[in-house]
Amino acid sequence: MKSIYDEILLERNLYPRNKGRLEGSTLEKELTNASCGDRICVQLKIQDNLIVEGKFDGVGCAIALAAADLMIDSVRGKTMEEAKEMKEMFREMILSPETFKMSGGSKKIGDSSALEIVARMPARVKCAELAWQIFKGQE
């Protein structure tokens, strides 16, 4: 029997809601995962330090593409500072799932918590984290 998480990942991979190009983006980053071959471009539109829209495009495995789609939904309407905190919570979720659950992090990262299954697949961590790397170095 498939879990709800499997269904979310399958749906987001087959029918992404945020795939495409974003006209007027204010932050754009090409991201690659050399170990898997994932290559995506994440674009965000930021107004008054608030992420108002986002899109991604590129090629990659199902986890990388679903994670990018879910990440954009999760950070839309958040400040850059909140998005950076969410990035760290996401990382904790897949590297220290028990600590993450105890902290109530699932509520804080929204639908991106569907990727908690990656905690059982260490080889896929880089795939899941790829889109979140857009916030690396954004000070």
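As a starting point, this report considers the structure included with it. Bear in mind the structure is a predicted one, so any value in this text is a computation, not a measurement.

Basis of the calculations
Residues numbered from 1 in each chain as written. Predicted model: local features only at pLDDT ≥ 70, side-chain atom pairs only at ≥ 80, totals over all residues. Heavy atoms only, no water. Pairing = 2+ DSSP bridges. Helix = DSSP H or I, 4+ residues; strand = E, 2+ residues; numbered from the N terminus. Buried < 20%, exposed > 50% of the residue type's maximum accessible area, 1.4 Å probe, protein only. Contact = heavy atoms within 4.5 Å. Axes fitted to C-alpha atoms, helices over the stretch in contact; angles between N-to-C directions. Core = buried A, V, L, I, M, F, W, Y, C linked by side-chain atoms within 4.5 Å. Phe/Tyr/Trp six-rings, centres within 6.5 Å; stacked < 30°, edge-to-face > 60°.

In terms of strand pairing, strand β1 (residues 27–33) meets strand β2 (residues 38–47) through 7 bridges, oriented antiparallel. What sits directly across from Leu27, in β2, is Leu44. Counted along the chain from β1 to the antiparallel partner β2, the turn is 4 residues long, and its residue Gly37 has a positive phi close to 95°.

Our next topic: the environment of Phe135. For Phe135, the position within the fold is in the segment after α6 (125–129). Under the relative-accessibility criterion, Phe135 is labelled buried at 2%. It is 9.5 Å that separates the C-alpha atoms of Phe135 and Glu85, two residues lying 50 residues apart in sequence. Not counting the four nearest positions on each side in its chain, Phe135 is found in contact with Leu44, Ile51, Met71, Val75, Met80, Ala83, Lys84 and Lys87.

Reading across from one edge, β1-β2-β3 is the order of the 3 strands in this open sheet, with antiparallel pairing throughout. Two strands bound the open sheet, and with one partner strand each, they are β1 and β3 (50–59). Strand-to-strand, the axes of this sheet are offset by a mean angle of 20°, without reference to chain direction. Most of the contacts of helix α2 (residues 62–75) go to β3, to which it runs at about 170°, and overall it touches β2 and β3.

In this structure, Ile40, Val42, Met71, Val75, Phe90, Leu115 and Phe135 are the most contacted members of the largest nonpolar core, which totals 40 residues. When residues of this core are traced back to their parent elements, those giving at least two are β1, β2, β3, α2, α3 (80–95) and α6. Of all the elements, α2 adds the most residues to this core, at 10 residues.

The next point concerns unusual backbone geometry. You will see that Asp48, though not glycine, has its phi angle at about 50°, which is positive. Positionally, Asp48 belongs in the loop between β2 and β3. In this structure, Asn49 takes a positive phi of about 65° despite not being glycine. On the secondary structure map, Asn49 appears in the loop between β2 and β3.

Across all of its chains, the model carries 2 aromatic pairs by this definition. Plain terms: the ring middles of Phe90 and Trp132 are 5.2 Å apart, the flat faces sit at 25° to each other, and that makes the pair stacked. Residue Phe90 is located in helix α3, and its partner Trp132 is located in the segment after α6; the two are separated by 42 residues in the primary sequence. Ring centres 6.3 Å apart and planes at 50° place the aromatic pair Trp132 and Phe135 in the tilted group. Residue Trp132 shares its accessibility class with Phe135, and that shared class is buried.

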